[in-house]
Structures are given as C-alpha cells and as structure tokens.
Amino acid sequence: MSLPVSLEELITAKLASLSLVHDAPTVEFVLQLVEEDSFETEDKKSAILGLLEADEDEAVGVKVDELLEEAQDYRDQAEEKEREAEQQRAEAKAKAEEALNAKKVLTPEEEQARKDKLLSSYGYLEEETEEERRERMEADQVPGAVYDDPKQQSKKARKKAEAGVDLLMAPNLNAARVKGAEIHRRAEDAAKAAAKKQRDDGDRKKQKDDATKKAEDKKKKAAKVERRACLFSQIGQAFGRGPPLAVYGDGAATTFETLGSDKCSAHAYKGASARGLANRASRLQVASRILSNLRRATPPNVLLLFGHCDLHVNWLWQLKVKGRDALSPSEWIEIVVREYTSFIELNLVPLIGLGGLQNLYVSGVTFPVVDDQNLERWLRKFAREQGLGPLPPLPKHSHPHDLNTRCMMIKAYNDLLARWCHRLGDRRVHFVDPNPFITSQLDPERISPRFVERGPDGDIALRWNLTLPIWCHLIPCLKNAHLGATDPSREYIV
C-alpha cells in the first residue's frame, strides 16, 4: 500500500499553502534537506531560511517549522508502510520455502525401503523414535534359543557340555552386546557429524552475511559522503556565490585579505602548525574549524599555508626544551610531513570533485630570514609575544641549528611535500612554492633582501605583502586579481 502523494508533491503543496517560494529548484533543495538524516532539524531550518533570504523573519520561521514537521511525519508513515510490506514479503517467502521443503508422503513399502537403506549405509535411522530403536535392537539381538538350556538337553548332551567337549562350538553370548555397542557408536558418530555440518553451514552463512553487510555499509557510507558534499555545495550556492579561493594558514594568511572578499576569503590562525592539524587534542582546534568552514562555504579552490611555525619556530623550541633528546632535523621533517599529509588525505582529498571543491593547493615553506646572530634574540621576542616564560638558550652541543641547516631543512621538507602532491596529481592536489620568486639570484636558498624587513628594534621578518603578485601568478583562479599598479613586487615575477 502506497501513500496518496509523493514527498515531493507534499513539499510543493505545503510551500504553496504557506505562501513560500515553491519553484522546482526550491522544492528539490528542500527535498534533499529533508531526506538527509545527518542534518539536525535546526540546520535544515537555517538552510531553508537562507535559501528564502528570510533569516530574521519569525513568521517564515514558524512556517518552515510546520513544513519540516509535516515532512518528517510523512517519512515516518512511509517507513512504517515499508516495514509492513517487508514483513509480508518475509512471511510469503517463509511459506513458499515451507511448501518447497514439505516432505513427500511415502507408502508403507517405500518408508520401509528408505529405513533399510539408511540402516545399511549409516547404521542408524533418520528421525527414528525411541520405541522403534528399541524394537530394532531387540530384533538384532541373538535369540535366547541359540543357547539351549541344559535342562532341555539330553543326559548325554549335558555330560558333553559339562566335560567341555563342545565349548568351542558354543555360541558367543557377547555377540548381541558387541553388535549393539557398534550400532550405538555409529549412531553417535553420525549425530556428531550432522551437528558439525550444521555448525559449519551456520558459520559459512554468517561469514557471507557479514561480508555482504560490510560491503553494503561501505557503499552506503560512500554514497552518504557524496550526498553531503553535493548538498553542502548547493547550500553554499543558495547563500550566494563566494570567492573563487579560500586560504587557510598561520598568520601569513592575513596577507590575502588585501585581495578583497570577492577574490579570496582568508582564514588566518596565528601560531597554528601543520602537525597540529592531525592532533585532535590541539588547543587551537584549527582542523575542526577548517572543516566546518568548508562545509558552509564549499569554495572551488583551497590554498593551505601551514608549516612555517613547525620549521621556523617549533623545531628550535624543542631544542631548547629537550636538548640532546630533541629530534634531529631529518626526524622532525619526516614527522611534520607525515602528520600534515595524513590530515589532508583523510579529510580534504575525499571532498575534491564531490561538491564545490575542485582544486587543492598546498604551499611550501619559505626559507628562513633570521640569521644566526639574531636567532636567539628573535626567539626571545617570540616568547614574549606568546606570553611564554624564559627558556634556556639554544644548546651548542645538540643538533646543528645554523642558517645552512635550517635552509637545508626547508628544502628537504618542500621536496617531500612536492613529491607527495605529485603522487596525488590526478586528484587535483597541487604543490605551490613561492621560494623561486623571492630568493636571491646569487644564492637560491637565501631570501632576496628586497623581501626582508628589518625593524628598528632588530626584528627581522618576511615582507609577505610583497608576495601577493607571486601567489596570483602561481594560482590560476587569481590570474585576474587586481593589484595596484604601483605595487613594488610586480617586477619580480618571472
């Protein structure tokens, strides 16, 4: 039994009765929201209000609540009818199997022939009652007349028996007992074999059912991920088209704010590290904030700008804290790359191509600008800005941390990250590196002086604002981004 109208028709009629927009795109959007079980009712309501551009209208909110309530009632009724239909199908299937497996009525002669065959082949009878078994056992026993009662013998025969003349010819009185024990043993063995076969069949059926259920769950999960991604994309479009690029990174990401909100949305998390993205217990919780924003915005292009804190600050910090027990440069690089790429591959790569996300750009780390003479002072200033207490100076007899070593670490890190992105090139994951455009022509591992800012208090930093034309050159969706004609960095683009 089916419901009188479909859910789509119900939503269309309800939108019309509530004097709300009920064109085909709106109905399809609301239908997908209602059928998506992973969304809470409040999330569905917010999305519909955003589509109708009535976030602040309480009257429309009440109407949307009524719409969602009736749609949920409809789905509950549909599920109840589906359960009833499924139960009827199961009962019909059980009756059909029972009729198929019903035993054929045999004549007495055919039944006796069947029992004789089972008895000769297996030594026991299928479905034999206790009374039938007892009668059969008595019939198989050696008759008592085989051993004559001495009282019934003649005097001469009794003398021969007493003298032992015919002892070897006397019947074996244990024959019936031995034969009965053998039949009993065969019956027990047959019962054990039948029970083992039943258990094995049950185990094989359970393994097959488990494998089938696992495959179905995997397909359902993949379909759910795809539906969510598509729905997120539609929600993003419903709230209005966003900029073509979203940048997520540490403090350097603020540089992209000057491009304007129509070209780029910049999300800067000061002090965020690449390793912290894979750490669920991270204090900043940057990973969850990024994923939450992606679900709402669904930009077509994303740039990740992490790793500077890991290689410029955190590695030196662990040298101060751990001394000789600190990780070596190669060990630190491997850990950062492994945890960073793990977060990207598990959380961001599956979103590419399913919804609005089309390209993922992963940035390399820029070469350091702080020389060896100013390194300790620069770290102390960083600690004061972060509200950290004083730490011992960098150990001289631990791992090397001079400028050449730090540049070597950046190069090794960028090479590993580039190779990883290249392996995922078919998934539209791209590695971008600004270093070739900002380093000196005389030394490709040193930042050009024109990109280095030196403050009056001895502070040294990279002039990130001068790198904007470089990013517009590296990322195709920013090719037409407007930058002032007087921007001094235009002449540095190759």
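Parameters and conventions
- Residues numbered from 1 in each chain as written.
- Predicted model: local features only at pLDDT ≥ 70, side-chain atom pairs only at ≥ 80, totals over all residues.
- Heavy atoms only, no water.
- Helix = DSSP H or I, 4+ residues; strand = E, 2+ residues; numbered from the N terminus.
- Buried < 20%, exposed > 50% of the residue type's maximum accessible area, 1.4 Å probe, protein only.
- Contact = heavy atoms within 4.5 Å.
- Areas by Shrake-Rupley, 256 points an atom, 1.4 Å probe, with all protein chains shown as cover.
- Axes fitted to C-alpha atoms, helices over the stretch in contact; angles between N-to-C directions.
- Parallel < 35°, antiparallel > 145°, perpendicular 65-115°, else oblique.
- Left-handed = near helix turned anticlockwise from the far one by under 90°.
- Nonpolar A, V, L, I, M, F, W, Y, C, P; charged D, E, K, R; others polar.
- Pairing = 2+ DSSP bridges.
- Phe/Tyr/Trp six-rings, centres within 6.5 Å; stacked < 30°, edge-to-face > 60°.
- Expected span 1.5 Å × (residues − 1).
- Arc of directions from axis to C-beta.

A.B. asks: In this structure, what is going on with the overall build of the chain? I would like to understand it.
C.D. replies: Counting its regular elements, the chain contains 15 helices and seven strands. Residues classed as buried in the chain amount to 36% of the 494 residues present. Looking at the chain alone, contacts between residues at least 24 apart form 67% of all its contacts between residues at least 6 apart. Per element, the accessible surface of the chain, about 30,900 Å² overall, is 52% carbon and sulfur.

A.B. asks: Help me understand the packing of helix α10 (residues 308-322) against helix α13 (residues 403-423), please; the structure alone is not making it clear to me.
C.D. replies: As a packed pair, α10 and α13 sit with axes 11 Å apart at the nearest point and diverge in direction by 120 degrees. On the basis of their axis angle, the class for α10 and α13 is oblique. You can see that α10 and α13 cross each other, and the crossing is right-handed. The residues of α13 that touch α10, namely those facing Leu311, His312, Trp315 and Leu316, are Arg406, Met409, Ile410 and Tyr413. Among the residues making up the contact of α10 with α13, the classes are represented as six nonpolar, one polar and one charged.

A.B. asks: Is there a simple way to think about the sheet that holds strand β4 (residues 359-363) in this case?
C.D. replies: Two strands in a sheet stick together by hydrogen bonds in their backbones, pointing the same way (parallel) or opposite ways (antiparallel). With parallel pairing, five strands are arranged side by side in an open sheet as β2-β1-β3-β4-β5. Of all the strands in the sheet, just β2 (264-268) and β5 (429-432) have a single pairing partner and so form its edges. The average undirected angle you get between the axes of adjacent strands in this sheet is 20 degrees. By the bridge criterion, four bridges tie strand β3 (residues 301-305) to β4 in an arrangement that is parallel. Note on β4: the bridge partner recorded for Leu304 is Val362.

A.B. asks: I tried to follow the pairing of strand β1 (residues 245-249) on my own but got confused; where do I start?
C.D. replies: Along any regular strand the residues' side chains alternate between the sheet's two faces. Of all five residues in β1, five are buried, a share of seventy percent or more. Bridging between β1 and β3 involves five bridges; their strand directions are parallel. Among the inter-strand pairings, Val247 is bridged to a residue of β3, identified as Leu303.

A.B. asks: I keep staring at the side chain of His312 and nothing clicks. Help me out?
C.D. replies: Residue position: His312 is located in helix α10. Given the relative accessible area of 19%, His312 is considered buried. In this structure, His312 is in contact with Val365, Thr366, Phe367, Pro368, Trp378 and Ile410, ignoring residues within four places of it in sequence.

A.B. asks: Any chance you could explain the packing of aromatic side chains here in plain terms?
C.D. replies: Each aromatic ring pair is summarised here by two numbers: the centre-to-centre distance and the angle between the ring planes. Going through the model one piece at a time under the given rule, you end up with four aromatic pairs. Arranged with centres 6.3 Å apart and planes meeting at 70 degrees, the rings of Trp317 and Phe382 form a pair that is edge-to-face. Note that Trp317 is positioned in helix α10 and Phe382 in helix α12 (residues 372-385), a separation of 65 residues in sequence. On the accessibility criterion, Trp317 (18% relative accessible area) is buried.

A.B. asks: What is the right way to read the environment of Ala326 from this model?
C.D. replies: Tracing the backbone shows Ala326 in the loop between α10 and α11 (329-348). For the pair Ala326 and His399, spaced 73 residues apart in sequence, the C-alpha to C-alpha distance is 7.9 Å. Those residues in contact with Ala326 that sit more than four places away from it in its chain are Gln318, Leu319 and His399.

A.B. asks: Which parts of the structure should I look at to understand helix α9 (residues 286-297)?
C.D. replies: Given a rise of 1.5 Å per residue, 12 residues ought to cover 16 Å, and the 16 Å separating the end C-alpha atoms of α9 matches this to within 8%. Along α9, the residues classified as buried are Val286, Ala287, Ile290, Leu291, Asn293 and Leu294. Projected down its long axis, α9 carries its buried residues within an arc of 160 degrees, all on one side. Those residues of α9 hidden inside the fold are in contact with β1, β2, β3 and α11.

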